[in-house]
Amino acid sequence: MSRYQIPVSKQPDPVVIQQFRGVDFSADSTQVDPSRSPDALNMIADQAFFPVKRTGYKRVAQGSGRVWGLHRLTNTNGEWVLAHIGTSLYRLEESGTLSKLCDGMGAAPSQSFVMGDCLYLLDGTTYRQFDGTTVRPVAEVAYLPTVRIGAPPAGGGTDFEAVNLLTPGRKESFQADGSATAFQLSTNGLDASAVTATVAGAAKTEGTDFTVDRAAGKITFKAAPPKAVQNVDNVVITYHKTVPDHRQQVDHCRIFGVYGGKNDTRVFLAGNPEKRNVDWQSGLYDATYFPDTGYTKVGSDGSAIMGYARQYETQIILKEDNDQDATQFLRTFELDGEGNPLFPLQQGAAGTGAVASGTFRVLEDTPLFLSRDGVYAVAGTAVTQHRALQHRSRRIDNRLLGESGLENAVACVFQGRYYLAVNGHCYVADSRQTYRENSSVQYEWYFWDNISATCFLEQEGALYFGTADGRVCRFCRPEEEGAYRDDGAPIEAYWVTPYLHFGTWTRYKTVRNVHVAPLPYQRSGIEIYYNTDEDVEQLAMEENIDLFDWEKMDFGRFSFRTIQVPNVLATGVKERKIQLFQLKLRNAQLDEPFGFVSISITYTVGGKIK
């Protein structure tokens, strides 16, 4: 008798997801790669690139008013953290108390830089210096330039240093002829401030040793100074002449960029709302000296300078977008034939402009900034001065660009990640997770909430931020007590898979089980939900996944597990005659870390959809 056997149809292999990337808000959930999430909250990649709940933060200080800026000074005498809250500046003590240093700060975002063991603060109102003890307007300690040297008593001589915008004070030096008593300055209309002089190193006093004709700019000594020896200046006159708007040009600046060449470092200031496209260059290694000749108009008056980025040997100046002017300019360093430094400027690439000056940061040698079209990078090489702008946030733009007030966004770089905060949300780019798309490097992004950051600061390996309600907060390290709470509140974290069609749109499917492998922690838990084309938010499992710990014994959730390896959970999910299937893994419990290493979905394919 002949026999035959009906072939057994091979069941499809389970869908296994065990390599994870970031979020993807750019496409419909059915079109997102299974390694990415179309909707994840408060997750980040750990060292092995598995999704884990972010750590929370602790309040370290409480002020009154918006935190406009956090600043740090480190020098040979110590380390200090300053907080600009409301219209005051405070020193943040180790105890968490705030010691007021000064009032009169601008009610606007502030930036700072360090030069010569001092911290310099820009708030758009007054340019200030902090030396570790005292905060003062830089105008009070500004460099006093010698504007003329080698002058005969009748006037003339050689121009030497430019007038300092920060101070009306200046000096001129003369070579006395031994008979003249009257010495003519290079300018007239002197201030009422006392004029001082030295003759052959000896101090002379106005009214006692000489008189001053301020209107004419002439100083007359009662006795003729001795003749200069070997053409060496022996008379130095110090006086003051106020020029309207000089000091305000620097005091009203809000942003900075440190730049220079070999053995040459200066700071460039910009952001003055009255001179939107102008920046000012400091003296060599001297942030108290801004020559009145050291300004540059960058592009047209119609668009403001928004920020600076240093890349290789070039300083990049980014402007706002006005649909007409170039948005990128390149500054380089060179020496003229006499060895004097020059900073020539050339127009760079036209394209999208910057929208928020607080978002300029450098991630892994790549300058990033926020525009109306998303986060952009300034890309180039050390060989050529060509700099191209590359879009780096396509997968989050649908959500990011829907935020209101993008001009108020702030950013920082910390431990290889770019943090961009706006409206209580934080978008995080991970430089360890990159891929190439259209010949450009792209980052994986993550999305957090409840991060009401108005400014950031890195301090001793920790990330701090300020808030609109006066809090200064610090992100916790995973190992510290209370690391998984936000200022006392639990953190909701979840990861949602894309809607899976299991390789076919034309047939029904049956899901027979779902297995999830959570990461092991001393105390953790997981909620597993699933969605189909018929139902949403069906709870499949809620499980504690603790490890046994004598120190944290809780008989209400006792566990015999002691080995720190993932423990696979079988959910027992069974759904018949469905077209699409989606999982959501969630943890929203106080003080509970959370993460997972794999998701496996067992299914079969059924009849055609009619």
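Quantities reported herein were computed from a predicted structural model and do not represent experimental measurements.

### Some thoughts on the sheet that holds strand β18 (residues 196–199)
Thinking step 1. Taken together, 6 strands build an open sheet; the order of strands is β15-β14-β16-β22-β18-β19 and the sheet is mixed. On the outer flanks of this sheet lie β15 (158–159) and β19 (202–205), each paired with one strand and no other.
Thinking step 2. Where β18 and strand β22 (residues 235–240) come together, 4 bridges link them in antiparallel fashion. By the bridge assignment, T196 is partnered in β22 with T238.

### Quick look at the environment of Y464
Thinking step 1. With respect to the secondary-structure elements, Y464 resides in strand β42 (residues 462–466).
Thinking step 2. A residue is classified by how much of its surface remains accessible, and Y464, at 16% relative accessible area, is buried.
Thinking step 3. Sequence-wise, Y464 and A453 are 11 residues apart; in three dimensions their C-alpha atoms are separated by 9.2 Å.
Thinking step 4. Those residues within four positions of Y464 in sequence are excluded, and the remaining contacts are V60, L70, C455, F456, L457, Q459, V472, C473 and R474.

### Remarks on the pattern of salt bridges
For side chains of opposite charge, pairing can occur when their charged atoms come near one another.
Thinking step 1. The final tally for this structure, using the stated rule, is 28 salt bridges.
Thinking step 2. A salt bridge links E437 to R394; its shortest N-O distance comes to 2.8 Å. With a gap of 43 residues between them, E437 in strand β39 (residues 425–437) and R394 in the loop between β36 (387–391) and α2 (397–400) connect regions that are remote in the sequence.
Thinking step 3. R394 sits in the partly exposed class, given a relative accessible area of 35%.
Thinking step 4. Across the pair R417 and D430 runs a salt bridge, and its minimum N-O distance is 3.7 Å. Of the two residues, R417 is situated in strand β38 (residues 417–422) and D430 in strand β39; the sequence distance between them amounts to 13 residues.

### Structural notes on unusual backbone geometry
Thinking step 1. Unusually for a residue other than glycine, Q230 sits at a positive phi of about 55°.
Thinking step 2. Within the secondary structure layout, Q230 lies in the loop between β21 (218–221) and β22.
Thinking step 3. Of the residues examined, Q230 reaches a relative accessible area of 72% and is grouped as exposed.
Thinking step 4. A positive phi angle, close to 50°, is found at Q415, a residue other than glycine.

### A short note on the sheet that holds strand β46 (residues 525–532)
Thinking step 1. Read from one edge to the other, the open sheet built from 5 strands follows the order β2-β44-β50-β46-β47, with strand pairing classed as antiparallel. Of all strands in the sheet, those bounded by a partner on one side alone are β2 (39–41) and β47 (538–544). Strand-to-strand twist in this sheet, taken as the mean axis angle between neighbours without regard to direction, amounts to 15°.
Thinking step 2. Direction of pairing for β46 relative to β47: antiparallel, over a ladder of 6 bridges. Along β47, the bridge assignment pairs Y530 with Q538.

### Notes on the layout of surface pockets
Thinking step 1. Taken as a whole, the second largest pocket encloses approximately 590 Å³ of empty space.
Thinking step 2. Lining of the second largest pocket is provided by 24 residues; of these, T55, Q415, R417, C476 and P478 occupy positions nearest its centre.
Thinking step 3. Elements that contribute at least two residues to the lining of the second largest pocket include exactly β3 (43–45), β4 (51–53), β38 and β42.
Thinking step 4. Tallied by class, residues from the lining of the second largest pocket come to 13 nonpolar, 4 polar and 7 charged.

### Points about the side chain of Q129
Thinking step 1. When you line up the elements, Q129 lands in strand β12 (residues 128–130).
Thinking step 2. Judged by relative accessible area, Q129 falls into the buried class, the value being 7%.
Thinking step 3. A polar side-chain atom of Q129 sits 3.0 Å from a polar atom in the side chain of Y120.
Thinking step 4. When neighbours within four sequence positions are excluded, Q129 is seen to be in contact with C118, L119, Y120, T134, V135, R136, V138, V141 and T288.

What counts and how
Residues numbered from 1 in each chain as written. Predicted model: local features only at pLDDT ≥ 70, side-chain atom pairs only at ≥ 80, totals over all residues. Heavy atoms only, no water. Pairing = 2+ DSSP bridges. Helix = DSSP H or I, 4+ residues; strand = E, 2+ residues; numbered from the N terminus. Buried < 20%, exposed > 50% of the residue type's maximum accessible area, 1.4 Å probe, protein only. Contact = heavy atoms within 4.5 Å. Salt bridge = Lys/Arg side-chain N within 4 Å of Asp/Glu carboxyl O. Axes fitted to C-alpha atoms, helices over the stretch in contact; angles between N-to-C directions. 1 Å grid on protein atoms, 1.4 Å probe; cavity = no way out; pocket = protein on both sides within 12 Å on 5 of 7 lines; lining within 4 Å. Points joined across faces, edges and corners; volume = space filled by probe spheres on them. Nonpolar A, V, L, I, M, F, W, Y, C, P; charged D, E, K, R; others polar. Polar contact = N/O pair within 3.5 Å; in protein donor to acceptor, adjacent residues only side chain to side chain.

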